[in-house]
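Structural description and commentary
Chain residues, written in single-letter form:
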Amino acid sequence: NRFHRESLAAGHSQQWIEQMSRNIIHDLNVYGICVIDNFLGKEKGDTILKEVKGMYVTGLFQKGQLVSTKAPMISQSIRGDHVTWVDGSEPYCETINYLMEILDRVISCCNGMPNNGLFSKYKLCKRTQAMVACYPGKGTHYVKHVDNPNQDGRCITSIYYLNKGWNVKENGGLLRMFPAGHANQVVDIEPIFDRILFFWSDRRNPHEVQPAHAIRFAITVWYFDLEERNQALLRFQEKKTAQHARSQIH
Ligand SMILES: Cn1c(O)c(C(=O)NCC(=O)O)c(=O)c2ccccc21
Ligand SMILES: [Mn+2]
């Protein structure tokens, strides 16, 4: 649909970075969402998928949160999404690290580009580590939510999908977004291999992951707005100090 773009992934030169940034700036200003296909190219995508599968089979993913099945009588509960966090320096994540470096260059290019519209309100210079997520299938899903509903500092969500030959009809696992201000129009995004997605992390973009019936991998990075992040850290610090003071009184 309208904002699916192809990236000329012929290596990642500066002009490629700038072209991607212009696409992201345009789409986030107009739709609040940007989808780019063939982002890193098959070779890099394959290597990232291999690294993620390697982490999964070596049991590096934390157990997913417990979700009970619909059938109450069966007490067995399936585990939901499994996640693990990497900062990219781990020896088994060299190409995941490459993805993070490319994303950092693209986002910093967006940040510095003249006439970047809504981006001019933000200073995008820090991010989270990368969250590598796996839905083990069996109907595991993620309920409708907003990533950053209460100004925790996260400004842009970036999700890189790794699922080859994904068929939503059989496998489910659709990302359904409910962009605010676009009058109950939903945006359905298939989690297909080498696709990258960017969207505003706040209440502009509620979204859900529909039940997945096959193993579904994705890597997410959140970019902070410096000011909002600093305010959030201050609030968090004050809360901790107040709690500490209260705990001293008794
Ligand atoms: C596993 N997983 C998620 O998949 C999404 C999310 O929105 N995913 C969208 C997607 O994978 O298309 C999340 O937003 C999320 C937030 C905290 C912890 C885990 C999380
Ligand atoms: Mn989310």
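Residues numbered from 1 in each chain as written. Chains lettered and ligands numbered in written order. Predicted model: local features only at pLDDT ≥ 70, side-chain atom pairs only at ≥ 80, totals over all residues. Heavy atoms only, no water.

Time to look at helix α3 (residues 94-112). The α-helix advances 3.6 residues per turn, and as a result positions three or four apart in sequence lie on the same side. Between its first and last C-alpha atoms α3 spans 27 Å; for 19 residues at 1.5 Å apiece the expected length is 27 Å, and the two agree. Of all the residues in α3, the buried ones are Thr95, Ile96, Leu99, Met100, Ile102, Leu103, Val106, Ile107, Cys109 and Cys110. (Helix = DSSP H or I, 4+ residues; strand = E, 2+ residues; numbered from the N terminus. Expected span 1.5 Å × (residues − 1). Buried < 20%, exposed > 50% of the residue type's maximum accessible area, 1.4 Å probe, protein only.)

Next up on the list: the site of ligand 1. Neighbouring ligand 1 are 14 residues, the closest being Tyr135, His145, Tyr161, His207 and Arg216. Within the side chain of His207, an N or O atom sits 3.0 Å from an oxygen atom of ligand 1. Look at ligand 1: alone it shows 430 Å² of surface, and the protein chains cover 87% of it. Given that more than half its atoms are within 2 Å of the pocket grid, ligand 1 belongs to the largest pocket. Within the residue set of the shell around ligand 1, elements represented by two or more residues are β7 (130-135), β8 (140-145), β9 (154-161) and β13 (207-212). Sorting elements by how many residues they give to the shell around ligand 1 places β7 first, with three residues. Here the residues of the shell around ligand 1 sort into nine nonpolar, two polar and three charged. (Near = heavy atom within 4 Å. Polar contact = N/O pair within 3.5 Å; in protein donor to acceptor, adjacent residues only side chain to side chain. Areas by Shrake-Rupley, 256 points an atom, 1.4 Å probe, with all protein chains shown as cover. 1 Å grid on protein atoms, 1.4 Å probe; cavity = no way out; pocket = protein on both sides within 12 Å on 5 of 7 lines; lining within 4 Å. Sits in = over half its atoms within 2 Å of the grid points. Nonpolar A, V, L, I, M, F, W, Y, C, P; charged D, E, K, R; others polar.)

This part takes up the nonpolar core. Nonpolar side chains tend toward joint burial in soluble globular proteins. Phe39, Ile156, Phe198 and Ile219 are the most contacted members of the largest nonpolar core, which totals 45 residues. For this core, the secondary-structure elements that each account for two or more residues are α1 (14-30), β2 (33-37), α2 (42-57), α3, β7, β9, β12 (195-200) and β14 (216-224). Residue contributions to this core peak at nine residues, all from α3. If sequence neighbours within four positions are ignored, Ile156 has contacts with Leu28, Ile107, Phe119, Leu124, Phe198, Phe199, Trp200, Ser201, Val221, Trp222 and Tyr223. Formed by 14 residues, the second largest nonpolar core is a distinct cluster that contains Tyr161, Phe199, Ala212 and Ala218. (Core = buried A, V, L, I, M, F, W, Y, C linked by side-chain atoms within 4.5 Å. Contact = heavy atoms within 4.5 Å.)

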